[in-house]
Amino acid sequence: MNGKRETVVDVQGTVEDGFEPVRDAFVANFTGRGERGAAVAVYRHGRKVVDLWGGTKDGDASDGAAPWEAGTAQVIRSATKGIAALVPLLLHQRGQLDLDAPVGTYWPEFKAAGKERVLVRHLLSHRAGLPVLDTPLTPAQAIDGVSGPAAVAAQAPAWEPGTDHGYHAQTYSWLLGELVLRITGRTLGSWIAEEISGPLGLDLWIGLPEAAQCRVGRLADLAPPAAPAASGLRVRPKRSVADAYADPASLTSRAFGAISPAPDENAAAYRAAELPASAGVATARSLARCYAALIGAVDGHPRLFAPATLTLARTEESAGLDRTLLVNTRFGLGFMLHGPASPLLAPGSFGHPGRGGALACADPESGLAFGYVTNGMQRNVTADPRAQALLRAVSHVVGRTSAGDL
């Protein structure tokens, strides 16, 4: 006896033959990486091949607490950004939005403070120069639907728009939300509900309805794992990055602090808010199904992205040192792209992580779509050791097995 308490987790769900390594990696997240409650799902060529869940519903729960169930959903933080990006891309596909038009074409008030030449594609690729607000919003202002759009419309850019990129951690909510409202007359969350989640049968919301509040687990902080459980990732930021987060005057700190004080992400009002940058709620199954629908047919539903739109989603728009995150990032239009800071399924993959854990992505070449949600928030922004372990397991399965065998 070594005195250590063995971690035991009751993992539920199914995996198709050949995908057992994904289940093994999921269990290992609980036994070796501190996972508390989570779910993972994988689709391949429009068919669900992995659907697993385990642990407790609430990240701050003690032993004997309510278990994570098949329908448990979770706040997915910035993985919401990828879902939100579907709307302007599909509006462009339908001829309702010109990605190369100035934002002010659709939103005249946005032209203030030198932003006349900010293009729609700049908003999606984090090149608008608007990651910070001179005066942060309170949590109440952030969700009122008026203060956020007014603040970004009045804000002067931090750099010449279009010349560089820096992650718009919070302001992405009001930039995309107001643009969609001006074009469609609908909020972005309503558009997702009516055009995506409803038709595809998804438990995925930007603006959680009251009836679904009881299904959502509570987020809680989780210490990062030590090597080798960290999956080869840097789990503690470089000194320069850590210093930037600690410095209230830095662009990094101000971008993440555009809402101050930080909102309570477990509050019903926050979950119900339409914040396309950070407050989406979903099951892993629905994230994977949504991304599967972007790249192919799912259960008789035609693919959402036409070939040209899929190309737009994963064509590099921004790359190199990110002014906000202070690491090298790659973005297409609204999606993070595969790279060292945010490894996805393969070089042609696109998707979006959520700070602290969540991840959703797709790889058109292999036909894979992946969704992972968790209630244990680790200190990371672009890559989480638990999600990376699961991605590696999926890639291993597909790498050693032909499509015909699956």
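Look up a bit, the structure's there.
Residues numbered from 1 in each chain as written. Predicted model: local features only at pLDDT ≥ 70, side-chain atom pairs only at ≥ 80, totals over all residues. Heavy atoms only, no water.

Visitor: I would appreciate a short explanation of the sheet that holds strand β5 (residues 204-205) in the present structure.
Guide: The strands making up a sheet associate through backbone hydrogen bonding, with each pair oriented either parallel or antiparallel. The sheet built from three strands is open, its strands ordered β4-β7-β5 with antiparallel pairing. Whereas interior strands pair on both sides, the edge strands pair on one side only; in this sheet they are β4 (74-75) and β5. Of the strand pairs in this sheet, β4 and strand β7 (residues 281-282) are connected by two bridges, and their pairing is antiparallel. Bridge pairing in β7 places Val75 opposite Val281. (Pairing = 2+ DSSP bridges. Helix = DSSP H or I, 4+ residues; strand = E, 2+ residues; numbered from the N terminus.)

Visitor: Help me out: how do you make sense of the packing of aromatic side chains in this one?
Guide: Here the structure, examined in full by the defined rule, presents eight aromatic pairs. Taken together, a centroid distance of 6.3 Å and an interplanar angle of 50 degrees make the contact between Tyr167 and Phe256 tilted. Of this pair, Tyr167 sits in the loop between α5 (147-154) and α6 (172-184) while Phe256 is found in helix α9 (residues 251-256), placing the two residues 89 residues apart along the sequence. Phe256 shares its class with Tyr167; the two are buried. Measuring from centroid to centroid gives 5.6 Å for Tyr245 and Phe256, while their planes differ by 40 degrees, and the two rings are tilted. Remark: Phe256 occurs in helix α9 and Tyr245 occurs in helix α8 (residues 239-246); sequence separation between them is 11 residues. Residue classification places Tyr245 among the partly exposed residues on the basis of a relative accessible area of 25%. Over the ring of Phe110 we find Lys115; its NZ or CZ atom is 5.0 Å from the centre of that ring. (Phe/Tyr/Trp six-rings, centres within 6.5 Å; stacked < 30°, edge-to-face > 60°. Buried < 20%, exposed > 50% of the residue type's maximum accessible area, 1.4 Å probe, protein only. Lys NZ or Arg CZ within 6 Å of the ring centre and 35° of its normal.)

Visitor: Please explain the environment of Trp107 as it appears in this structure.
Guide: By the secondary structure assignment, Trp107 is in the loop between α2 (79-93) and α3 (120-124). The class of Trp107 is buried, set by a relative accessible area of 1%. Sequence separation between Trp107 and Ser197 is 90 residues, and the spatial gap between their C-alpha atoms is 27 Å. Non-local contacts of Trp107, meaning those with residues more than four positions away in its chain, are made with Pro149, Val152, Ala153, Trp174, Leu175, Glu178, Leu179 and Arg182. (Contact = heavy atoms within 4.5 Å.)

Visitor: Help me out: how do you make sense of the pattern of salt bridges in this one?
Guide: For side chains of opposite charge, pairing can occur when their charged atoms come near one another. Evaluated as defined, the whole model comprises 20 salt bridges. Close ionic contact of Glu109 with Arg182 constitutes a salt bridge, the shortest N to O distance being 2.9 Å. Pair noted here: Glu109 is in the loop between α2 and α3 and Arg182 is in helix α6, with a separation of 73 residues, a long-range link. According to the relative accessible area criterion, Glu109 is partly exposed, its value standing at 44%. A salt bridge links Arg323 to Asp164; its shortest N-O distance comes to 2.8 Å. Of the two residues, Arg323 is situated in the loop between β8 (318-321) and β9 (328-331) and Asp164 in the loop between α5 and α6; the sequence distance between them amounts to 159 residues. Assessed through its relative accessible area of 22%, Asp164 is described here as partly exposed. A single salt-bridge network, built from bridges that share partners, covers Arg94, Arg186, Glu194 and Glu195. (Salt bridge = Lys/Arg side-chain N within 4 Å of Asp/Glu carboxyl O.)

Visitor: What am I meant to see in the packing of α5 against α6 here?
Guide: Relative orientation and spacing of two packed helices are given, respectively, by the angle between their axes and the distance between those axes. Running from N to C, α5 and α6 cross one another at 100 degrees; their axes reach a closest spacing of 9 Å. Judged by the angle between their axes, α5 and α6 are roughly perpendicular. Judged by residue contacts, Gly148, Pro149 and Val152 of α5 engage Trp174, Leu175 and Glu178 from α6. Class assignment of the residues belonging to the contact of α5 with α6 gives a composition of four nonpolar, one polar and one charged. (Axes fitted to C-alpha atoms, helices over the stretch in contact; angles between N-to-C directions. Parallel < 35°, antiparallel > 145°, perpendicular 65-115°, else oblique. Nonpolar A, V, L, I, M, F, W, Y, C, P; charged D, E, K, R; others polar.)

Visitor: I would appreciate a short explanation of the state of the cysteines in the present structure.
Guide: One way to say it: the disulfide is the covalent bond shared by the sulfur atoms of two cysteines. Scanning the entire structure with this criterion turns up zero disulfides. No disulfide involves Cys290; its nearest neighbouring cysteine sulfur is the one of Cys361, lying 12 Å away. Judged by its relative accessible area of 0%, Cys290 falls in the buried class. (Disulfide = S-S within 2.5 Å.)

Visitor: What exactly am I supposed to notice about the packing of α2 against helix α11 (residues 284-295) here?
Guide: Relative to each other, α2 and α11 sit at 35 degrees, their axes nearing to 12 Å. Every pair of crossing elements has a handedness; the one defined by α2 and α11 is left-handed. Counting all contacts with α2, which are made through Gly82, Ile83 and Leu86, the residues of α11 involved are Leu287, Cys290, Tyr291 and Leu294. Its residues assigned to classes, the contact of α2 with α11 shows six nonpolar, one polar and no charged. (Left-handed = near helix turned anticlockwise from the far one by under 90°.)

Everything listed here is a matter of coordinates, which is why it stays silent on function.
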